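Here's the letter readout for the chains.
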Amino acid sequence: MTRMSATPRRWALPTTLLLLAAGLHAQPYDTPPKPVEPRPLTIAAPAEQSLPNGLRVVVAERRGVPLVTARLLVLSGSELDPEHRSGLASMTAGLLTRGTTRRSAPALVNAAEALGGSLDSGAAWHQSSVSITVTTPQLPAALGLVSEVVRQPAFAPAEIERYRTQALDAMKVSYSEPGAVAAMVAQRALYGAGAYGHPVDGTPGSLPRITRADIVKLHTAAYRPDNAVLVLAGDIDLAGALRLAQQHFGAWKKTGRRRARSVGAGRQHLGRQRGRGRHAGHRTGGVVVTIPAVTAHSPERTIGSVTNAVLGRGYSSRLNQEIRIKRGLSYGARSGFDARREAGALQADVQTKNPSAAEVLGLIGIELDRLASTPVPPEELAARKATLIGDFSRTLETSSGLAAQTAALVAAGLLPAELPQRVARINAVSPTEVQAFAAKYFDASRRRVVIAGAASEFDAALKAAAPQRRVLKQDQLDLDSQDALKH
């Protein structure tokens, strides 16, 4: 029998590990390593072909990983919402995955999970969609599910009421946030009576008005093969995609009359409220400045994206540097460039303390003016371009991101073949073009201002800058109305 020693045994580290550990402490980095040269983004242009029933099939092929994202895109969305029934398109799309004539909502969830995926649906401007990501062998079954929810939704009364209740509960949270209130009022101030002026998710007043008949009517009019595009991204080619599309969507028939709605009224409204600032009473401060800009079809849209990247996209943008980092007036200041089919806008938004709302508004104005008057230094512009290109490139690393970027082009009425050109177009934007874009669109007379907060804490500071301002209590706002801000 072997006896164990009472003295604990000491284990020694190998000499190489000891030297490595010592080296880590002895040789700290005085300067960070130089970044490697960026690798060029290589991506093939998506290919497409239509089925006899009019369904477009678009394939963004990406080999190497056996995954495919399928997104069925209907080219109608929130622009179809009738007056006083905003949120109808979002409710219709949201209910697609909550039960069909064949399966209940839980059964659909179980069927998708058995394939290793999940069904997602929703609506936005000029688009409603259902999507799922699965491994390549599961794609036929996954497309069967997508076809089922798009073509055979049950719109069960119990599911409609459950969706309505959940949406109204979510709105209670949104309406308690000053930034959300300011953004919704800003959309009405910008687009007025146009379809783009209402919230895509609806309002506490509009959702209770929506009936099952409204939902069925919209679905019948918009969900048609000649108004739809099947986007497949990942491990599949066009020939395989067409076979599967014919199998699962070939029997989809055109029914009724295709419903279309122009949102041109929103465009016409853009020039009628220049120089008007509006602010609604609230307990904290949300500052929004919105400016009409270019449509998705404009040749200036890439310049607009780069200009926005300089102004307010990301941590190193000018708004965030001036408002958050240098002055500590907000946890984050940002802007977004939204180019839609028939109109577009740039919007800056900042949440801040009520007493600093006027100061923040002034800083936003200074940065807008500076972009219009002074060229962006080349090194700053290069860094902001790199942010755009990096975000875009990372998105394309996944099949779902590739599908989303392809679908965004389709929904905007652009050609999917433009996808590989995006990086080159961003790199081609010059400081002169950025300055010219800002000078053309950012004039003070074109800006709409909304501040949501306790008006008594910032109104005095705004009197000199905005003599045309109006003070509205939150309970005076009627975002269901086409002219919501007239009282």
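Residues numbered from 1 in each chain as written. Predicted model: local features only at pLDDT ≥ 70, side-chain atom pairs only at ≥ 80, totals over all residues. Heavy atoms only, no water.

S.K.: Could you give an account of the overall build of the chain, naming the residues involved and the relevant values?
M.R.: When helices and strands are tallied, the chain shows 17 helices and 12 strands. By residue count, 50% of the 487 residues in the chain fall in the buried class. Look at the contacts in the chain between residues 6 or more apart in sequence, and 81% of them connect residues 24 or more apart. Accessible area for the chain stands at about 23400 Å²; split by element, carbon and sulfur atoms hold 55% of it. (Helix = DSSP H or I, 4+ residues; strand = E, 2+ residues; numbered from the N terminus. Buried < 20%, exposed > 50% of the residue type's maximum accessible area, 1.4 Å probe, protein only. Contact = heavy atoms within 4.5 Å. Areas by Shrake-Rupley, 256 points an atom, 1.4 Å probe, with all protein chains shown as cover.)

S.K.: Could you give me a rundown of the packing of aromatic side chains, with the residues and numbers involved?
M.R.: In total, this model carries six aromatic pairs according to the counting rule given. Judged by centre distance (6.2 Å) and plane angle (45°), the rings of Phe 249 and Trp 252 are tilted. An identical accessibility class is assigned to Phe 249 and Trp 252; each is buried. With centroids separated by 6.2 Å and ring planes inclined at 75°, the aromatic side chains of Phe 337 and Phe 437 adopt a geometry described as edge-to-face. Of this pair, Phe 337 sits in strand S9 (residues 333-339) while Phe 437 sits in helix H16 (residues 431-441); the two residues are 100 residues apart in sequence, bridging distant segments of the chain. (Phe/Tyr/Trp six-rings, centres within 6.5 Å; stacked < 30°, edge-to-face > 60°.)

S.K.: Outline the nonpolar core, supporting the account with residue identities and numerical values.
M.R.: Counting 63 residues, the largest nonpolar core has Ile 323, Ile 364, Leu 371, Phe 442 and Ile 451 as its most contacted members. A total of eight residues in this core trace back to one element, the largest contributor, which is helix H12 (residues 357-373). Listed in part, the 51 residues of the second largest apolar core include Ala 89, Leu 139, Val 149 and Leu 244. (Core = buried A, V, L, I, M, F, W, Y, C linked by side-chain atoms within 4.5 Å.)

S.K.: Tell me what's going on with the pattern of salt bridges, and back it up with residues and numbers.
M.R.: What the rule picks out here adds up to 23 salt bridges. With a shortest N-O distance of 2.8 Å, Arg 164 and Glu 161 are connected by a salt bridge. With Arg 164 and Glu 161 both in helix H5 (residues 157-174) and three residues apart, the pair spans about one turn of that helix. Judged by its relative accessible area of 42%, Glu 161 is partly exposed. The closest approach of N and O atoms between Asp 391 and Arg 394, which form a salt bridge, is 2.4 Å. Of the two residues, Asp 391 and Arg 394 both sit in helix H13 (residues 378-395), three residues apart, roughly one turn of that helix. Through salt bridges that share partners, Glu 61, Arg 63, Asp 235 and Asp 237 make up one connected network. (Salt bridge = Lys/Arg side-chain N within 4 Å of Asp/Glu carboxyl O.)

S.K.: Got a sec to walk through the side chain of Glu 159? Specific residues and values, please.
M.R.: Along the polypeptide, Glu 159 turns up in helix H5. For Glu 159, a relative accessible area of 15% corresponds to the buried category. In this structure Glu 159 touches Leu 95, Arg 98 and Ala 105, once residues within four positions along its chain are discounted.

S.K.: Please give an account of H5 that cites residues and values.
M.R.: The end-to-end C-alpha distance of H5, which contains 18 residues, comes to 26 Å, matching closely the 26 Å that a straight helix rising 1.5 Å per residue would cover. Turning to H5, its buried residues are Glu 159, Ile 160, Tyr 163, Arg 164, Ala 167 and Met 171. One face of H5 carries all of its buried residues, which in axial projection span an arc of 135°. Opposite its buried face, H5 presents the exposed residues Ala 158 and Lys 172, each directed more than 90 degrees away. As for H5, its buried residues are in contact with helix H2 (88-96), helix H3 (105-114) and helix H7 (212-222). (Expected span 1.5 Å × (residues − 1). Arc of directions from axis to C-beta.)

S.K.: Could you give me a rundown of the sheet that holds strand S6 (residues 228-234), with the residues and numbers involved?
M.R.: Strand pairing in a sheet relies on backbone hydrogen bonds. The paired strands run either parallel or antiparallel. Taken together, the six strands give an open sheet; going across it, the order is S1-S2-S6-S3-S5-S4, and neighbouring strands pair in mixed fashion. Each end of this open sheet is capped by a strand with a single partner; those strands are strand S1 (47-50) and strand S4 (120-124). Between one strand axis and the next, the sheet turns by 20° as a mean value, whatever way the strands run. Together, S4 and strand S5 (127-135) form the strand contacts of H2, whose direction differs from that of S4 by roughly 170°. The strands that helix H8 (residues 238-249) touches are S1, strand S2 (56-61), strand S3 (67-74) and S6; relative to S2, the one it contacts most, it runs at about 140°. (Pairing = 2+ DSSP bridges. Axes fitted to C-alpha atoms, helices over the stretch in contact; angles between N-to-C directions.)

S.K.: Tell me about unusual backbone geometry, residues and numbers included.
M.R.: Phi at His 126 is positive, roughly 65°, even though this residue is not glycine. One can find His 126 in the loop between S4 and S5. The exposure class assigned to His 126 is buried, which follows from its relative accessible area of 5%. Backbone geometry at Phe 155 places phi at a positive 50°, although glycine is not the residue there.

S.K.: Outline the confidence of the model for the chain, listing residues and values.
M.R.: Low-pLDDT portions of the prediction should not be read for the details of their coordinates. Averaged over every residue, the pLDDT of the chain is 88; residues scoring 70 or more account for 86%. Residue range residues 15-23 is modelled with pLDDT below 50. Its contacts to residues more than four positions away, or to other chains, number one contact. Confidence over residues 265-279 falls short of pLDDT 50; this stretch has 54 contacts with residues more than four positions distant or in other chains. (pLDDT = per-residue confidence, 0-100.)

S.K.: For the environment of Pro 355, give the residues involved together with the corresponding values.
M.R.: Inspection of the secondary structure assignment puts Pro 355 in the loop between strand S10 (344-352) and H12. A relative accessible area of 56% means that Pro 355 is categorised as exposed.

S.K.: Can you lay out the pairing of S6 for me, pointing to particular residues and giving the numbers?
M.R.: Counting buried positions along S6 gives seven out of seven residues, so the element sits mostly inside the fold. Looking at chain direction, S2 and S6 are connected through six bridges and run parallel. In the sheet register, Ala 60 faces S6, and the bridge partner there is Ala 233. Strand direction decides the pairing type here: S3 and S6, joined by seven bridges, are antiparallel. Among the inter-strand pairings, Val 68 is bridged to a residue of S6, identified as Gly 234.

S.K.: Residue-level account of the packing of helix H11 (residues 318-325) against H12, with values.
M.R.: Running from amino to carboxyl end, H11 crosses H12 at an angle of 150°, the nearest separation of the two axes being 10 Å. Taken as axis vectors, H11 and H12 run roughly antiparallel relative to one another. As H11 packs across H12, the resulting crossing turns out to be right-handed. Across the interface between the two elements, Arg 318, Leu 319, Glu 322 and Ile 323 of H11 pack against Val 360, Leu 363, Ile 364, Glu 367, Arg 370 and Leu 371 of H12. Here the residues of the contact of H11 with H12 are counted per class, giving six nonpolar, no polar and four charged. (Parallel < 35°, antiparallel > 145°, perpendicular 65-115°, else oblique. Left-handed = near helix turned anticlockwise from the far one by under 90°. Nonpolar A, V, L, I, M, F, W, Y, C, P; charged D, E, K, R; others polar.)

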